[in-house]
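As a plain string of letters, each chain reads:
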Amino acid sequence: MESDETMIARRRLLAGAAGMLALVYAPWAMAKLPKSGVKGLIAGASDGALDRLAQPGAFYADTAVRILLPGAKGKLASKLFGMGDRLGLTTNLTRSLNDAGGKAAGEAKPVFRAAIDNLRWTDAPGLVSKNDGATRYLQTSAGSVLFTKVSPLIGSALENVGAFRQLDQLSQGNQLMASAGLTHDGLTRSVTEQALKGIFHYMAGEEAALRRNPAGLLKGIF
């Protein structure tokens, strides 16, 4: 059984942590939030977003983040594929692209955490004053770094789910595929861009939820 002194110390620690997290709830107070608190907010949002999108079928199920073939949301690709599209082959390929996005999301936590740890905070207060401010700060400050790090994960995932094989089968004999970005490299680039856009979309929602309920950041600490 804990002594009175231990109980008092524990209560003070919890109260202090809750007080710091309460700042997250008020957007105007973000300028006063310690750097560790801002990082905790972004890290919590990124972990939540990646966990959700790593679930099987998550990317494809949500039309707001569904990954499509390159070119006018996949319409150009469908026209170029012709009969293949009418047979439903491009639908299967599109599902594979989304499966690849989910696989990459499941492996991307260390990549996002490293990007968050390396952020410079000189202009953070002005950028994290909105409900999705921390997410947008990460996106604008580390978007290119994240693209470089996530792209190999996407490429590996596209190979593993058979997307490249399906693309090669559909593209056989069609010389216009490359102009539409329908090459291995073009597909990897397009899927990476769309996957990151979807991840940041979910991060913004996770961040807003954490601001409404700052105690959520305490999960796993006590």
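Residues numbered from 1 in each chain as written. Predicted model: local features only at pLDDT ≥ 70, side-chain atom pairs only at ≥ 80, totals over all residues. Heavy atoms only, no water.

Participant: Provide a residue-level description of the overall build of the chain, including the pertinent values.
Facilitator: The helix and strand tally for the chain stands at 11 helices and zero strands. Counting helices and strands in the order they occur from the N terminus, the chain gives α-α-α-α-α-α-α-α-α-α-α. In the chain, buried positions account for 46% of the 222 residues. In the chain, once contacts between residues fewer than 6 apart in sequence are set aside, the share between residues at least 24 apart is 77%. With an accessible surface of roughly 11900 Å², the chain has 54% of that area assigned to carbon and sulfur atoms. (Helix = DSSP H or I, 4+ residues; strand = E, 2+ residues; numbered from the N terminus. Buried < 20%, exposed > 50% of the residue type's maximum accessible area, 1.4 Å probe, protein only. Contact = heavy atoms within 4.5 Å. Areas by Shrake-Rupley, 256 points an atom, 1.4 Å probe, with all protein chains shown as cover.)

Participant: I'd like to hear about the packing of aromatic side chains, residue by residue, with values.
Facilitator: On inspection of all chains with the given rule, the structure shows one aromatic pair. Here the guanidinium or amino end of Arg66 rests over the ring plane of Tyr60, the centre of that ring lying 4.1 Å away. (Phe/Tyr/Trp six-rings, centres within 6.5 Å; stacked < 30°, edge-to-face > 60°. Lys NZ or Arg CZ within 6 Å of the ring centre and 35° of its normal.)

Participant: Before we move on, can you summarise the pattern of salt bridges with the specific residues and values?
Facilitator: A side chain with one charge can pair with a side chain of the opposite charge if their charged atoms come near. If you walk through the whole model with that rule in mind, you get five salt bridges. As a salt-bridge pair, Arg113 and Asp47 come within 2.5 Å of each other at their nearest N and O atoms. Note that Arg113 is positioned in helix H7 (residues 109-117) and Asp47 in helix H2 (residues 35-53), a separation of 66 residues in sequence. For Glu207, the salt bridge identified is with Arg211, shortest N-O distance 2.8 Å. A residue pair is termed a helical-turn pair when its members lie 3 or 4 positions apart in one helix, as Glu207 and Arg211 do in helix H11 (residues 184-212) at four residues. Each member of the pair, Glu207 as well as Arg211, carries the same accessibility label: buried. (Salt bridge = Lys/Arg side-chain N within 4 Å of Asp/Glu carboxyl O.)

Participant: Break down the environment of Leu119 for me, with residues and values.
Facilitator: The residue Leu119 is located in the loop between H7 and helix H8 (124-127) in this model. Along the sequence, Leu119 and Ala142 sit 23 residues apart, while their C-alpha atoms lie 7.4 Å from each other. Not counting chain neighbours up to four residues away, the residues in contact with Leu119 comprise Ile42, Tyr137, Leu138, Ser141 and Ala142.

Participant: Run through the nonpolar core, naming residues and quoting values.
Facilitator: Counting 49 residues, the largest nonpolar core has Leu97, Phe112, Leu138, Leu146 and Met203 as its most contacted members. Those elements giving two or more residues to this core turn out to be H2, helix H3 (58-61), helix H6 (89-107), H7, helix H9 (133-160), helix H10 (163-171) and H11. Counting residues per element, this core draws most heavily on H9, at 10 residues. Ignoring any residue separated from it by four or fewer positions in sequence, one finds Leu138 in contact with Ile42, Phe112, Ala115, Ile116, Leu119, Gly143, Leu146, Phe200 and Met203. (Core = buried A, V, L, I, M, F, W, Y, C linked by side-chain atoms within 4.5 Å.)

Participant: Account for the confidence of the model for the chain, naming residues and giving values.
Facilitator: Summarising the model, the chain shows a mean pLDDT of 77, and 63% of its residues fall at 70 or more. Taken element by element, the predicted model of the chain shows its lowest mean pLDDT in helix H1 (residues 4-25) (46) and its highest in H3 (97). (pLDDT = per-residue confidence, 0-100.)

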